[in-house]
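# Observations on the model geometry
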Amino acid sequence: SFEDFIKFIEYDKDATTTWLHTKSTLWLQQFYSLIYEEQYRTYWWEYLPIIRLQDGTYEKGRNSFFPSKSGNENKLLAVVDRNIYTEGKNKKRKENAKLFLVEAEVKKITEESLVELILDERYSEENFAPQKEDFERFIRLFEEENSAADIFSDYFIFETETDDTWARPEEIYLGHPFVDTGLSAFYKHERNMYQLNNRYQKEKISKKRIKQFAEAVGANTALVIKEVSCSGNPDGESLRQLWGKMA
């Protein structure tokens, strides 16, 4: 039954992928169309590696992208085989196959998705190989789509004044010449807090644009006040005695 077939896919993903490699494009088109028509666990398909890509491999829907009109996609992107929803004469089946891909969270290629790929490939702990031209691309994306500011938080996108050190946004503070915060007086001896490298002022990007981007992605432009315990404080005992006595 269809139910038993779905259970097989769910519990033996490796065998399923091997088996899918033996299937033709039209067979897959009919398969996707059937799943869409049955509306079986529509919330679940994005997590299974059953989406055929241009190179013949399979990927999860949530990690995959529709091909662009030009067909000149970045080779690192998981791009769906367009024949899955264009080949053959059955118009309804082709439409349903594409609708299934949409429900499986296959996405259109956007500038944000390309930048996320760059971040993973060049600015993570595992893969670090920064390129100078990336910084302006990051700023342009933010200026065009402010909500994209959130994608930068976990990546080492800022070069610091400390030799050979790059940092995440939350580990950066801005000072002169970008903005007169006076933060260096507080943070210059602080571990894991770094001043933005002054070399950015020599870029073609204005200081205003750099400041706006840095603030939006989480860099510090004001002193961060945090509540901490007295542990490790040289006056810790005196401070503990004052606990509860202060208004």
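Presented here is a report on the structure given in the accompanying data block. Within each chain, residues carry numbers counting from 1 in the order of the written sequence. Confidence filtering applies because this is a predicted model: local features only for residues at pLDDT of at least 70, side-chain atom pairs given and counted only at 80 or more, and all residues used for totals across whole chains, interfaces and linings. Where side-chain values are given, they derive from all heavy atoms of the structure, hydrogens and water being excluded.

Here the focus is the layout of surface pockets. Considering only enclosed or pocket space, the second largest pocket measures out at about 240 Å³ in volume. As for the second largest pocket, its lining consists of 15 residues, of which Phe65, Ser113, Glu116, Leu117 and Asp120 are closest to the centre. When residue character is reported, Ala, Val, Leu, Ile, Met, Phe, Trp, Tyr, Cys and Pro are called nonpolar, Asp, Glu, Lys and Arg charged, and the others, Gly included, polar. A class-by-class count of the residues in the lining of the second largest pocket yields 8 nonpolar, 3 polar and 4 charged. Of the two site types, the cavity is a set of points on a 1 Å grid over the protein atoms alone where a 1.4 Å probe fits but cannot get out, and the pocket is an open set with protein on both sides within 12 Å along at least five of seven lines, each lined by residues with an atom within 4 Å of a point. Grid points are joined across faces, edges and corners, and a volume is the space filled by probe spheres set on the points.

Residue exposure (1.4 Å probe, protein chains only): buried if accessible area is under 20% of the type maximum, exposed if over 50%, otherwise partly exposed. Helix and strand labels come from DSSP, where a helix needs a run of H or I of at least four residues and a strand needs a run of E of at least two; each type is numbered from the N terminus. Listed as buried for helix α9 (residues 207–217) are Ile210, Phe213, Ala214 and Val217. Buried positions in α9, seen along its axis, are confined to an arc of 95 degrees and lie on one side of it. Considering only its buried residues, α9 is in contact with α7 (134–144) and β3 (158–159). Taken from the residues just after α9, Gly218 is the one with a positive phi, measuring 120 degrees. Taken from the helix axis, the directions to the C-beta atoms give the arc we talk about. Contacts: residue pairs with any heavy atoms within 4.5 Å of one another.

Between the N-to-C directions of two axes lies an angle of 0 to 180 degrees, each axis being a line fitted to C-alpha atoms and, for a helix, fitted only over the stretch in contact. At a closest axis distance of 7 Å, the pairing of helix α3 (residues 25–38) and helix α5 (residues 91–103) adopts a crossing angle of 70 degrees. Between α3 and α5, the crossing angle belongs to the class labelled roughly perpendicular. Of the two possible hands of crossing, α3 and α5 adopt the one that is left-handed. Contacts between α3 and α5 involve Gln29, Gln30, Tyr32, Ser33, Ile35, Tyr36 and Glu37 from the first element and Arg93, Lys94, Asn96, Ala97, Leu99, Phe100, Leu101 and Glu103 from the second. The cut-offs work like this: below 35 degrees is roughly parallel, past 145 is roughly antiparallel, 65 to 115 is roughly perpendicular, and the gaps in between are oblique. Crossing handedness is defined as follows: a turn of the near helix away from the far one that is anticlockwise and smaller than a right angle gives a left-handed crossing, while the clockwise case is right-handed.

Turning to the packing of aromatic side chains, a few remarks are in order. Two rings from Phe, Tyr or Trp (for Trp, the six-membered ring) form a pair when their centres are within 6.5 Å of each other. A pair whose planes differ by under 30 degrees is stacked, one over 60 is edge-to-face, and the rest are tilted. One pass over the structure, following the stated rule, counts 16 aromatic pairs. On the basis of an interplanar angle of 55 degrees and a centroid distance of 6.0 Å, the ring pair of Phe158 and Phe213 is categorised as tilted. You can see Phe158 sitting in strand β3 and its partner Phe213 sitting in helix α9, a full 55 residues away along the chain. Each member of the pair, Phe158 together with Phe213, is buried. Site record: aromatic cluster; members linked through ring pairs are Tyr123, Phe128, Phe135, Phe138, Phe142, Phe152, Phe158, Trp166, Tyr200 and Phe213. Two limits define a charge over a ring: the Lys NZ or Arg CZ must be within 6 Å of the ring centre, and within 35 degrees of the ring normal. In this arrangement the basic side chain of Lys98 is found over the ring face of Phe66, its NZ or CZ atom lying 5.6 Å from the centre. The ring of Tyr200 has Arg199 lying over it, and the distance from NZ or CZ to the ring centre is 4.0 Å.

With that settled, the discussion passes to the packing of α7 against α9. Where α7 contacts α9, the two axes come as close as 10 Å, and the packing angle between them is 75 degrees. Here α7 lies roughly perpendicular to α9, going by the angle between them. Note on element contacts: α9 touches α7 through Arg209, Ile210, Gln212, Phe213 and Ala216, opposite Phe135, Glu136, Phe138, Ile139, Arg140, Phe142 and Glu143. Residue classes in the contact of α7 with α9 are distributed as 7 nonpolar, 1 polar and 4 charged.

All right, on to a positive patch on the surface then. The residues that make up patches have over 30% relative accessible area and no salt bridge, and they are joined within 9 Å when like-charged or within 5 Å when they are Val, Leu, Ile, Met, Phe, Trp or Tyr. Exposure was quantified through the Shrake-Rupley algorithm and a 1.4 Å probe, taking into account, for residues, occlusion by the shown protein chains and nothing else. Note on definitions: salt bridges are taken to be side-chain nitrogens of Lys or Arg within 4 Å of carboxyl oxygens of Asp or Glu. Positive charge is attributed to Lys and Arg, negative charge to Asp and Glu, and no charge count is given to His or to the chain ends. Every charge is mapped to an atom, namely NZ of Lys, CZ of Arg, CG of Asp or CD of Glu. A surface patch of like charges, here positive, comprises Lys69, Arg82, Lys98 and Lys108. Along the chain, the position of Lys69 falls in the loop between β2 (58–59) and α4 (83–86). Exposure remark for Lys69: the relative accessible area of 89% places this residue in the exposed category.

All told, the structure shown has 8 salt bridges when counted by the stated rule. Close ionic contact of Arg122 with Asp134 constitutes a salt bridge, the shortest N to O distance being 2.9 Å. Residue Arg122 is located in helix α6 (residues 111–122), and its partner Asp134 is located in helix α7; the two are separated by 12 residues in the primary sequence. Just as Arg122 is buried, Asp134 falls in that class too. Between Glu125 and Arg168 there is a salt bridge, with the nearest N and O atoms lying 3.7 Å from each other. Taken together, the positions of Glu125 in the loop between α6 and α7 and Arg168 in the loop between β4 (166–167) and β5 (172–173) put the pair 43 residues apart, joining distant regions of the chain. One continuous salt-bridge network, built from bridges that share partners, spans Glu125, Arg168 and Glu171.

All right, on to empty space enclosed by the protein then. In the structure shown here, the tally under the stated rule is 3 cavities of 30 Å³ or more. By volume, the largest cavity is sized at about 40 Å³. Looking at the largest cavity, the residues that line it are Tyr123, Gln131, Lys132, Phe135, Phe138, Ile157, Trp166, Arg199 and Tyr200. Looking at the lining of the largest cavity, its residues break down into 6 nonpolar, 1 polar and 2 charged.

Note that all results are geometric; they support no functional claim without further evidence.
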